[in-house]
Structure formats: structure tokens, C-alpha cells
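If you want the building blocks of each chain, they are given just below.
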Amino acid sequence: MKYETVIGMEIHVELSTQTKMFCGCANAFGAGENTLCCPVCAGLPGTLPVINAAAVDYCIMAGLATNCEITRHSLMDRKNYHYPDLTKGFQTSQLYYPLCRNGYVDIETESGVKRIGIREIHMEEDAGKLVHPDGQSCSRVDYNRAGVPLIEIVTQPDMRSAEEGRVFLETLRNILLCIGISDCKMQEGSLRCDVNISVRPEGSEELGTRTETKNLNSFRSAGRAIEYEAARQVDVIEGGGRVVQQTLRYDDATGTTSALRSKEDSHDYRYFPEPDLMPIVVDEDWIARIRERLPELPETKRIRYERELGIPGRDARMLSSSRRLSAIFETAMAAGAAPRAAANWLIGDLMRMLKDRLLDTEEIGFSGEDLAALIALIDKGTISSTAGRQVLEGMLDTGKPPSKLVEELGLTQISDADALGEIVKQIVRDNPKPAADYRAGKKKAMAFFTGQAMKRTKGKANPVLLQELFAKELKK
Ligand SMILES: [Zn+2]
């Protein structure tokens, strides 16, 4: 029997507001333990929360950027559970009236564009962090993260493969980076992803029992976890067993999942509306103000690249889907590069180099000005396009400007007619047979001559100039 994997995601995103969700403490990563806390975020009795309006703005921005409806009258709820890093004994979250609902994100897959539904985006706060020092028989708790504003983005179970999951995460992260509401660093935990996975016989409409896999700290581990967990569930079913609804932990080192706890349902948390906070009432003006603040979104960029700059559809989608790539592209154009040339370098050669180095587009170190300078060097004939590829590699690996790399790598094209003229004369003199052939009308002999000249100049001769010089010399 063939099985289909059904994947939904819950993505937690830490918002980059200046202060926390319900108090005035600074929202910052990497400060000394328990230096960014106050009685409110430490959960002391008698303290009262005040909602951070900037966090509400950011959540609405995320909703608008993912085509959601904005809930006009929304409430915060208490999610009750005990954990040492949860100062209040409950998390302030949203269950009944999430701020954003019914949106979608389009992703580019190998088989075309696919729409992934966004069920909701709700606001909540982060918990503190337990620290387990090596070799000590104690654990410490750091409350700096307690009360940091979070949004949780919940998708519909619309993804069907590890590849779709990875592309969705990348697309979503680029949208969030583009609107500037989070730094989305998976390694620092500002973007965290839990994956709900179930399998079912192909063609079946009914959903299988799902598990939730946590602790995915990179796009790669999300993809690997999906593949592992789907295969594990198929094994369980084929072996006559039943998949148990539970929360799993993914171990990146072994590439396997293990049970963390049995999965809770929402009624286990005894949710109830938060009595200490006012309802959030969002009117048309508020939404209009946020809409005005939104920068050009990747999708709008894509359409502009295609229609106004004549970039082919797939390339336009790739360029616009990465904040870093589109920034380099636009700066290169501003610095004088032709759109098609800039797009070709970024999509073709650079993508392959990134793949070889296991790098993300966010990690590209060179600037759009550098790319424009590289293209200008080729246009002027200073270097050949083959040498251009070497320079681009150098830019990626060292961050040095193209002119410096051309010099260091000795790639300057020989465009000096006098210097090349000597070589041309000599080659014609040394090869009377092909010269006679050429004069007798065998124009193909030209390839032999230019080949010889390239050999002598180690590929640095300007090919257009070479042909001119040989044609002149062979006429004599
Ligand atoms: Zn505080």
C-alpha cells in the first residue's frame, strides 16, 4: 500500500519589539541571567499586565502579510499549566478569538505554485528558560525570556512532503523578515517550528492520528524529522500497530524522534478569558494604518520584477522570495547593472555555489554594488564571463571587491591589440597547413587558431579581439 504524508505546522515567532508583552522590561537576547525582569514578568502576586501595543501591531502586520482576516474583537486567554520556567503558572495566550484567521501563503514547489492555508495567528508570551549547567547537580532558571512577545502561526494540514515543509518555512520566514517583525533566527530560538505529522493510505480523505514533533532548530532538521517520522508511522501501521497521539522530541544528532509526553488537548489546559486585560478592539483605521506601514511584500515584488523588468517567472519568484537576494538585486540595478544580467548571476551561478557550500541566501556577504561592479568588468571586456564566475566565487568566500579579486587571481583579459598581435602572427607562421586551409575557404580553421592563442595566454585573451586579429593576419 502507498501512503501519503499530511503535514501541518505551528510556528512560534519572537517579535522584535523593544519591550516585553505585558511590562516595560527590555526584550533582548543574550543578556546576563535574570537581568531583564520585573515583578510583572516574574509573575509576582498582585502585579497587573498591560498589553504592548507594538506587539499587537506586529501581529496584525503578520496577518495582513499572510492574507488573513483580522478579528475585530479579540481577547487574551489563560492557558493553565505548571512548569518551572512559567512564572505565573499560566501562559497568557489566545484560544477563542485569535487576532488573525483564514489566511494563506503561496509557495513555489517543483510541481508549481501551491497554496498553504494559515488557520490562525495568535498572540502569546514566551516562557523563561531552564539552564542545566554541565557537571552540576542543579538547574537554574533564567526569566529574561519570560514575557517576550510571541506570535504562533498555525497552518492547515496542507503540506504533503518534507520538501513542501521546508519551502513553506523558508517562504514564511522571508515574509516575516521582509515586514521586519522578527529577526527569525532559528539558532537563537526566535523562530521555532513544531510539525504535526500523520500518514494515511493514498487516496483516503480521512486524517490519520498525528504526532507533534518539537525541537526543530533548522530548516534541514525540519525536513529530516518529517521524513523520519512519516516512515516511522508507516512502519507502525504496516506492523499491525496504531500510531499514538503524542508529542515527540527530534534529536538532530541521531536524526530520530522519541516520545516527550502524551499529547494534550486544549481542554487539559482549562483555558479561560484573561480577566486582567481589556479586549483588543481593532477598527478599520487601525488596519489601514498598519497596511500603510507594510513594505513591498515578496509577492508584489515578484509581479513587479516580471512585468516591469522582464525577469522570467520562475527567476522572479526566486529573487523576490529572499529578502537578501532581492536587496542585492535592487542595489545592483541602482548601481547600473542591467536587470537581466544581475538576475542571471544571482539565480544561476550563485544558487549553485550556495548549494555546494550549504549556505542560505541570508548568508551572502557581498553587496549589490559588488555585483554591479563584476558585471561592469565583464561588459568592459576586462575579464571574460568564465573568469567572472571565479570572481563571484571569491566574492562569496572572501567578501573582497571584484576589482581586487581580478588582480589577486590574475584574471585580467588581454585586450591589448599589440600584445595579442605578436602572438597571432607567430601562431599563423608556425601553422602553415591550417592557414592555407583557412585561405582556401575552410573558415572552421579559425577555431583552431583562437584555441592556440587561448592556450598560450592561459585563457586570458579577449576572444572577440582575437578573431579580428586572426582574420586580418590570415588575409595577408
Ligand atoms: Zn518585566
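Reading the values: rules and limits
Residues numbered from 1 in each chain as written. Predicted model: local features only at pLDDT ≥ 70, side-chain atom pairs only at ≥ 80, totals over all residues. Heavy atoms only, no water. Pairing = 2+ DSSP bridges. Helix = DSSP H or I, 4+ residues; strand = E, 2+ residues; numbered from the N terminus. Contact = heavy atoms within 4.5 Å. Axes fitted to C-alpha atoms, helices over the stretch in contact; angles between N-to-C directions. Phe/Tyr/Trp six-rings, centres within 6.5 Å; stacked < 30°, edge-to-face > 60°. Buried < 20%, exposed > 50% of the residue type's maximum accessible area, 1.4 Å probe, protein only. Disulfide = S-S within 2.5 Å. Donors = N, O, S within 2.8 Å, 3.2 Å for Na, K, Ca; no water. Tetrahedral: all angles 85-135°; square planar, octahedral: opposite > 155°, others 65-115°. Left-handed = near helix turned anticlockwise from the far one by under 90°. Nonpolar A, V, L, I, M, F, W, Y, C, P; charged D, E, K, R; others polar. Core = buried A, V, L, I, M, F, W, Y, C linked by side-chain atoms within 4.5 Å. Lys, Arg positive; Asp, Glu negative; His and termini not counted. Salt bridge = Lys/Arg side-chain N within 4 Å of Asp/Glu carboxyl O.

J.: A description of the sheet that holds strand E12 (residues 211–216) should follow, citing residues and the corresponding values.
T.: With mixed pairing, the 9 strands of this open sheet are ordered in space as E2-E6-E7-E10-E1-E11-E12-E13-E14. If you trace the sheet from one side to the other, it starts and ends with strand E2 (69–70) and strand E14 (256–262), each paired once. Pairing between strand E11 (residues 191–201) and E12: 4 bridges, direction antiparallel. Across the sheet, residue cysteine 193 finds its bridge partner in E12, namely leucine 216. Running at roughly 30° to E11, helix H3 (residues 219–238) makes contact with strand E1 (3–14), E11, E12, strand E13 (246–251) and E14 of the sheet.

J.: Report on the packing of aromatic side chains, specifying residues and quantitative values.
T.: Both the distance between ring centres and the angle between the ring planes are used here to describe each pair of aromatic rings. According to the stated counting rule, one finds 5 aromatic pairs in the structure shown. Ring centres of tyrosine 305 and phenylalanine 329 lie 4.9 Å apart, and the angle between their planes is 70°; this geometry places the pair in the edge-to-face category. Separated by 24 residues along the polypeptide, tyrosine 305 in helix H5 (residues 298–309) and phenylalanine 329 in helix H7 (residues 323–334) bring together distant segments of the chain. Just as tyrosine 305 is buried, phenylalanine 329 falls in that class too. Seen from their ring centres, phenylalanine 449 and phenylalanine 470 are 5.3 Å apart, and the 35° between their planes marks the pair as tilted. With phenylalanine 449 in helix H14 (residues 445–456) and phenylalanine 470 in helix H15 (residues 463–475), the pair connects residues that are 21 residues apart, well separated along the chain. Across this residue pair, the class does not change: phenylalanine 449 and phenylalanine 470 are buried.

J.: Outline the state of the cysteines, supporting the account with residue identities and numerical values.
T.: In this structure the tally under the stated criterion is 0 disulfides. Its sulfur unpaired, cysteine 59 is 4.0 Å from the next cysteine sulfur, which belongs to cysteine 100. Judged by its relative accessible area of 0%, cysteine 59 is buried.

J.: Explain the coordination of the zinc ion to me, and be specific about the residues and the numbers.
T.: Coordination of the zinc ion by the protein involves Cys23 (SG), Cys25 (SG), Cys38 (SG) and Cys41 (SG), with metal-donor separations of 2.3 to 2.4 Å. Around the zinc ion sit 4 donor atoms, and with donor-metal-donor angles ranging over 100 to 116° the site reads as tetrahedral. When the donor residues of the zinc ion are listed from N- to C-terminus, their spacing reads C-x1-C-x12-C-x2-C. Placement of cysteine 25 in the loop between E1 and helix H1 (53–65) and of cysteine 38 in the loop between E1 and H1 is noted, with a sequence separation of 13 residues between them. Given a relative accessible area of 10%, cysteine 25 falls into the buried group.

J.: Please set out the packing of H5 against H7 residue by residue, giving values where relevant.
T.: Two elements in contact, H5 and H7, have axes whose closest approach is 12 Å; the angle formed by their N-to-C orientations is 35°. Seen along the crossing, H5 lies across H7 with a hand that is left-handed. In contact with Lys301, Arg304, Tyr305 and Leu309 of H5, H7 contributes Ser326, Phe329, Glu330 and Met333. For the contact of H5 with H7, the class distribution of residues is 4 nonpolar, 1 polar and 3 charged.

J.: An account of the nonpolar core is requested, with residue identities and associated values reported.
T.: If you look at the biggest cluster of nonpolar residues, it comprises 65 residues, and the most contacted ones within it are Ile11, Ile151, Phe168 and Leu176. With 10 residues, the single largest contributor to this core is helix H2 (residues 162–179). When near neighbours in sequence (up to four residues on either side) are disregarded, isoleucine 11 contacts Ile151, Glu152, Ile153, Phe168, Leu169, Leu172, Leu191, Arg192 and Cys193. Formed by 36 residues, the second largest nonpolar core is a distinct cluster that contains Ile311, Ala343, Leu371 and Val391.

J.: Give me the side chain of lysine 79: which residues, what numbers.
T.: Along the chain, lysine 79 falls in strand E4 (residues 77–80). Among buried charged residues, lysine 79 stands out as having no salt bridge; its nearest opposite-charge side chain is glutamate 124, 5.8 Å away. Setting aside chain neighbours within four positions, we find lysine 79 in contact with Phe90, Gln91, Tyr269 and Tyr271.

J.: Can you explain the pattern of salt bridges? Please cite residues and give values.
T.: In total, this model carries 36 salt bridges according to the counting rule given. Arginine 200 is paired through a salt bridge with glutamate 4; the nearest N and O atoms lie 3.0 Å apart. Of this pair, arginine 200 sits in strand E11 while glutamate 4 is found in strand E1, placing the two residues 196 residues apart along the sequence. The exposure class assigned to arginine 200 is buried, which follows from its relative accessible area of 9%. Ionic pairing is found between aspartate 126 and arginine 192, a salt bridge with its closest N-O pair at 2.9 Å. Within this pair, whereas aspartate 126 is found in the loop between strand E7 (112–125) and strand E8 (129–131), its partner arginine 192 is found in strand E11, the two being separated by 66 residues in sequence. Within this structure, Glu108, Glu299, Arg302, Glu306, Arg314 and Arg317 form a network of salt bridges that share partners.

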